[in-house]
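Each chain, written out:
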Amino acid sequence: MPEPVSATIIGAIALFGYIAVAIVAITVEIITKWFRARGQIKASNTNAIAFSLAERIANRDYAKVEGVFGPTTRAASTRIVQGFFDTGTGRVLDARALASRQQPSPDVVRNHAAGRGLVVYT
């Protein structure tokens with residue numbers, strides 16, 4: 001059973017709708033670069049948290065995220081949704097999906113394993 005924060009974010013992602021999928025080798029640098037490029041979201045909203053939620057990391061399943069990953073990414077060994085979540089409204093403010101058949105960086109594996117699939121960035 002997902003943790004309450006994970007479950008809330010999963011529900012919000014379902015309401016967010018379509019998220020473009022990028023096929024890349026997933027590293028901490030790629031994740032943090034995307035967050036930095038959207039720093040104004042967190043700067044303008046004190047309720048916004050930056051997160052990454054793993055559906056699967058290196059073939060280990062964490063959470064089922066409906067409606068984000070389709071047939072073209074089904075074989076991907078790593079699937080992550082990255083975004084900004086407003087804790088006040090329960091809405092996803094911006095998000096993207098990352099999927100890769102390549103091995104993710106060890107930091108990505110370790111961080112998501114420690115958070116049982118969810119990482120909140122401060």
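Above: the structure in question.
Just so it is clear, the structure is predicted and the values come from calculations on it, not from any experiment. Every chain begins its residue count from 1, and numbering advances along the sequence as written. Local features are withheld for residues below a pLDDT of 70 in this predicted model, meaning they are given only at 70 or higher, and side-chain atom pairs are given and counted only at 80 or more; totals for whole chains, interfaces and linings count all residues. Side-chain metrics rest on all non-hydrogen atoms present in the structure, leaving aside hydrogens and water.

Colleague: Looking at this structure, how should I read the pattern of salt bridges?
Modeller: Close approach of charged atoms allows side chains of opposite charge to pair. Whenever Lys or Arg places a side-chain nitrogen within 4 Å of a carboxyl oxygen from Asp or Glu, that contact is recorded as a salt bridge. Going through the model one piece at a time under the given rule, you end up with 4 salt bridges. Here Arg38 makes a salt bridge to Asp94, at a shortest N to O gap of 3.1 Å. Remark: Asp94 occurs in strand β5 (residues 91-100) and Arg38 occurs in the loop between α2 (28-37) and α3 (39-44); sequence separation between them is 56 residues. Across the salt bridge formed by Asp107 and Arg110, the nearest N and O atoms sit 2.1 Å from each other. Of this pair, Asp107 and Arg110 both sit in helix α4 (residues 106-114), 3 residues apart, roughly one helical turn. Note on classification: 1.4 Å probe, protein chains only; a residue is buried when its accessible area is under 20% of the maximum for its type, exposed when over 50%, partly exposed between these limits. You can call Asp107 partly exposed: its relative accessible area is 36%. Helical segments are the DSSP runs of H or I of at least four residues, strand segments are the runs of E of at least two, and each set is numbered from the N terminus.

Colleague: Can you walk me through the nonpolar core in this structure?
Modeller: Nonpolar side chains tend toward joint burial in soluble globular proteins. Residues Ile9, Ile13, Phe51, Leu53, Val68, Val81 and Phe85 are the most contacted members of the largest nonpolar core, which totals 19 residues. Within the residue set of this core, elements represented by two or more residues are α1 (4-16), β2 (48-57), β4 (78-86) and β5. Residues Ile31, Ile80, Leu98 and Val119 belong to the second largest nonpolar core, which totals 15 residues. Joining through side-chain atoms within 4.5 Å is the link that ties buried Ala, Val, Leu, Ile, Met, Phe, Trp, Tyr and Cys residues into a set, and such a set is a nonpolar core.

Colleague: I keep staring at α2 and nothing clicks. Help me out?
Modeller: It helps to recall that an α-helix has 3.6 residues per turn; residues three or four apart then point in one direction. Restricting attention to buried positions, one finds in α2 the residues Ile31, Trp34 and Phe35. Down the axis of α2, the smallest arc covering the buried residues is 100 degrees, so these residues share one side. Across from the buried face of α2, at angles greater than 90 degrees, the exposed residues are Glu29, Lys33, Arg36 and Ala37. Looking at the buried positions of α2, the neighbouring elements they touch are α3, β2, β4, β5, α4 and β6 (118-121). The directions considered for the arc run from the helix axis to the C-beta atoms. Whether two residues are in contact is decided by their heavy atoms, any of which lying within 4.5 Å being enough.

Colleague: What exactly am I supposed to notice about unusual backbone geometry here?
Modeller: Comment: phi is negative for the bulk of residues other than glycine, and the bulk of peptide bonds are trans. With a phi angle near 70 degrees, Asn59 is a residue other than glycine that sits in the positive phi range. With respect to the helices, strands and loops of the structure, Asn59 is situated in the loop between β2 and β3 (60-61). Judged by relative accessible area, which is 56%, Asn59 ranks as exposed. Located in the positive-phi region is Arg116, a residue other than glycine, with phi close to 50 degrees. Structurally, the position occupied by Arg116 is in the loop between α4 and β6. Here Arg116 falls in the exposed class, since its relative accessible area comes to 60%.

Colleague: Just checking my understanding: could you explain the side chain of Ser52 for this structure?
Modeller: The residue Ser52 is located in strand β2 in this model. A relative accessible area of 0% means that Ser52 is categorised as buried. Ignoring sequence-local partners within four residues, the contact set of Ser52 consists of Ile80, Val81, Gln82, His112, Gly117, Leu118, Val119 and Tyr121.

Colleague: Whenever I open this one, the packing of aromatic side chains confuses me. Can you help?
Modeller: We describe a pair of aromatic rings using the distance from one ring centre to the other and the angle between the two ring planes. Stacked, tilted and edge-to-face are the three classes applied to pairs of Phe, Tyr and Trp rings, where Trp contributes its six-membered ring and a pair requires centres within 6.5 Å; stacked means planes under 30 degrees apart, edge-to-face means over 60, and tilted covers the rest. All told, the structure shown has 4 aromatic pairs when counted by the stated rule. On the basis of an interplanar angle of 65 degrees and a centroid distance of 5.7 Å, the ring pair of Trp34 and Phe35 is categorised as edge-to-face. Like Trp34, the residue Phe35 is buried in the burial classification. Seen from their ring centres, Phe35 and Phe84 are 5.3 Å apart, and the 80 degrees between their planes marks the pair as edge-to-face. Taken together, the residues span a long stretch of sequence, with Phe35 in helix α2 and Phe84 in strand β4 at a distance of 49 residues. Each member of the pair, Phe35 as well as Phe84, carries the same accessibility label: buried.

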